[in-house]
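# Per-entry structural report
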Amino acid sequence: MTSSYSISQTFTLTHAKHLASKVVSDMYQCRNFYGEPSEAQIVNYQEELIVMLAGGYVKEYEFGFKKNDQRIISWLYRVNASGDLVGGTDDRSGGVYARADVSGATHFNFMSYTQAWFDLTSTEQSAVRAKHPINRSTGNLPSDGSGYWHTDRTYSSAGVAIERKTFRPS
């Protein structure tokens, strides 16, 4: 006799909060080492990230420091929402690189969107934006400075995984 079963998971607001908390923990560590972003900014970014993750609108999320439009130190999060359990890992947050020289650099925070975001009408996008305090404008990410990318963490919940890559100085 053969039997089979399937497990179905739905990505909920609770799962979005779990994933956002990992990114926010990294932001707090960044703040401790480098002085930015501020406490108020982190709280606002967290609210935005929860709303946008819950809606399936985040493709990539990056924050860090740049100088002359080049990354000095940066953390890039790529969202994989294939519906499959990706790797099955949910690493602890942290492990933020602490020895970059950010003197004279400015902090940046950038979000890129999934097709689901662009499929919304402008009225629907406005309704989503009204649920969080961040007002983003279009822009370009800095280019890579003198350093390299390293994949160092994976955060996951309910079949959605966020891979963290760190750009760090050579």
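Predicted, not measured: the structure shown is a model, and the values here were computed from it.

What follows covers the packing of aromatic side chains. Between two aromatic rings, the relevant description is the distance of the centres plus the angle of the planes. In this structure the tally under the stated criterion is 9 aromatic pairs. Their ring planes at 45 degrees and their centres at 6.4 Å tell us that tyrosine 34 and tryptophan 75 sit as a pair that is tilted. With tyrosine 34 in helix H1 (residues 13–34) and tryptophan 75 in strand E2 (residues 70–80), the pair connects residues that are 41 residues apart, well separated along the chain. Summarising the aromatic geometry, the rings of tyrosine 113 and phenylalanine 118 are spaced 6.2 Å apart at their centres and angled 85 degrees between planes, so their arrangement reads as edge-to-face.

So, on to the sheet that holds E2. Read across the sheet, 5 strands follow the order E3-E1-E2-E5-E4 without closing on themselves; strand pairing throughout is antiparallel. Looking at which strands have only one partner, the edges of the open sheet turn out to be strand E3 (106–113) and strand E4 (147–157). Across the sheet, the mean angle separating the axes of adjacent strands is 15 degrees when strand polarity is ignored. One ladder, built from 10 bridges, connects E4 with strand E5 (residues 160–169); its direction is antiparallel. In the strand pairing of E5, tryptophan 149 is matched with phenylalanine 167. Seen against the sheet, H1 touches strand E1 (58–67), E2, E3, E4 and E5 and runs at an angle of roughly 145 degrees to E4.

Looking now at the confidence of the model for the chain. For the chain, per-residue confidence averages 87 on the pLDDT scale, and 86% of positions sit at 70 or higher. When pLDDT is averaged over each element of the chain, helix H4 (residues 122–129) comes out on top at 98 and E4 at the bottom at 84. Here residues 4–8 is modelled with pLDDT under 50, and outside its nearest four sequence neighbours on either side it reaches 0 contacts, counting other chains as well.

On to helix H2 (residues 39–54). Counted at 1.5 Å a residue, the expected span for H2 with its 16 residues is 22 Å, and the 23 Å between its end C-alpha atoms agrees. A positive phi of about 75 degrees marks glycine 56, the residue just after H2.

To continue, consider the pairing of E2. Where E1 lies against E2, 8 bridges are found, and the strand directions are antiparallel. Across the sheet, residue glutamate 62 finds its bridge partner in E2, namely leucine 76. Adjacent in sequence and paired antiparallel, E1 and E2 are bridged by 2 residues, among which asparagine 68 carries a positive phi angle near 55 degrees. Here E2 runs beside E5; their pairing, made up of 7 bridges, is antiparallel. Within E5, the position partnered with tyrosine 77 by the bridge is arginine 164.

Calculation criteria
- Residues numbered from 1 in each chain as written.
- Predicted model: local features only at pLDDT ≥ 70, side-chain atom pairs only at ≥ 80, totals over all residues.
- Heavy atoms only, no water.
- Phe/Tyr/Trp six-rings, centres within 6.5 Å; stacked < 30°, edge-to-face > 60°.
- Helix = DSSP H or I, 4+ residues; strand = E, 2+ residues; numbered from the N terminus.
- Pairing = 2+ DSSP bridges.
- Axes fitted to C-alpha atoms, helices over the stretch in contact; angles between N-to-C directions.
- Contact = heavy atoms within 4.5 Å.
- pLDDT = per-residue confidence, 0-100.
- Expected span 1.5 Å × (residues − 1).

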